[in-house]
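Observations on chain architecture
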Amino acid sequence: MTFAFEWVNLADGAADLESLVTKGDRLYPLYRKKDPIKIALKDFKRTPKPVHRVVEVDSPEWVQARAAEPEDLPF
């Protein structure tokens, strides 16, 4: 739980606690003698940042996306 809570803290709350608890359970047998906060910091630094796309409102891509069904939207 310490691993998961530290990860959420590092992500400013933008993390899924349930998946982090599951991940912590998988990591525990490997790192049980190490500080869970340090393990969370290393894991957090290795996690790629989410990619955000900026789409111009008047672009053909935006017009096409607006005409698409919701499940077909590219973003």
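The paragraphs below set out a description of the structure included in this document. (Residues numbered from 1 in each chain as written. Predicted model: local features only at pLDDT ≥ 70, side-chain atom pairs only at ≥ 80, totals over all residues. Heavy atoms only, no water.)

Comments concerning a nonpolar patch on the surface
On the surface, a nonpolar cluster with roughly 300 Å² of combined accessible area is contributed by M1, F5 and L17. We classify F5 as partly exposed; its relative accessible area is 45%. (Patch = residues over 30% accessible without salt bridge, like charges linked within 9 Å, V, L, I, M, F, W, Y side chains within 5 Å. Areas by Shrake-Rupley, 256 points an atom, 1.4 Å probe, with all protein chains shown as cover. Salt bridge = Lys/Arg side-chain N within 4 Å of Asp/Glu carboxyl O. Buried < 20%, exposed > 50% of the residue type's maximum accessible area, 1.4 Å probe, protein only.)

A few points about the packing of helix α1 (residues 2-10) against helix α2 (residues 17-31)
Where α1 meets α2, the axes come as close as 8 Å, and the angle between the chain directions of the two elements is 135 degrees. The angle between α1 and α2 places the two elements in the oblique class. As for how α1 packs across α2, the hand of that crossing is right-handed. On the side of α1, the interface is formed by F3, A4, F5, W7 and V8, while α2 contributes L17, L20, V21, K23, G24 and L27. Here the residues of the contact of α1 with α2 are counted per class, giving nine nonpolar, one polar and one charged. (Axes fitted to C-alpha atoms, helices over the stretch in contact; angles between N-to-C directions. Helix = DSSP H or I, 4+ residues; strand = E, 2+ residues; numbered from the N terminus. Parallel < 35°, antiparallel > 145°, perpendicular 65-115°, else oblique. Left-handed = near helix turned anticlockwise from the far one by under 90°. Contact = heavy atoms within 4.5 Å. Nonpolar A, V, L, I, M, F, W, Y, C, P; charged D, E, K, R; others polar.)

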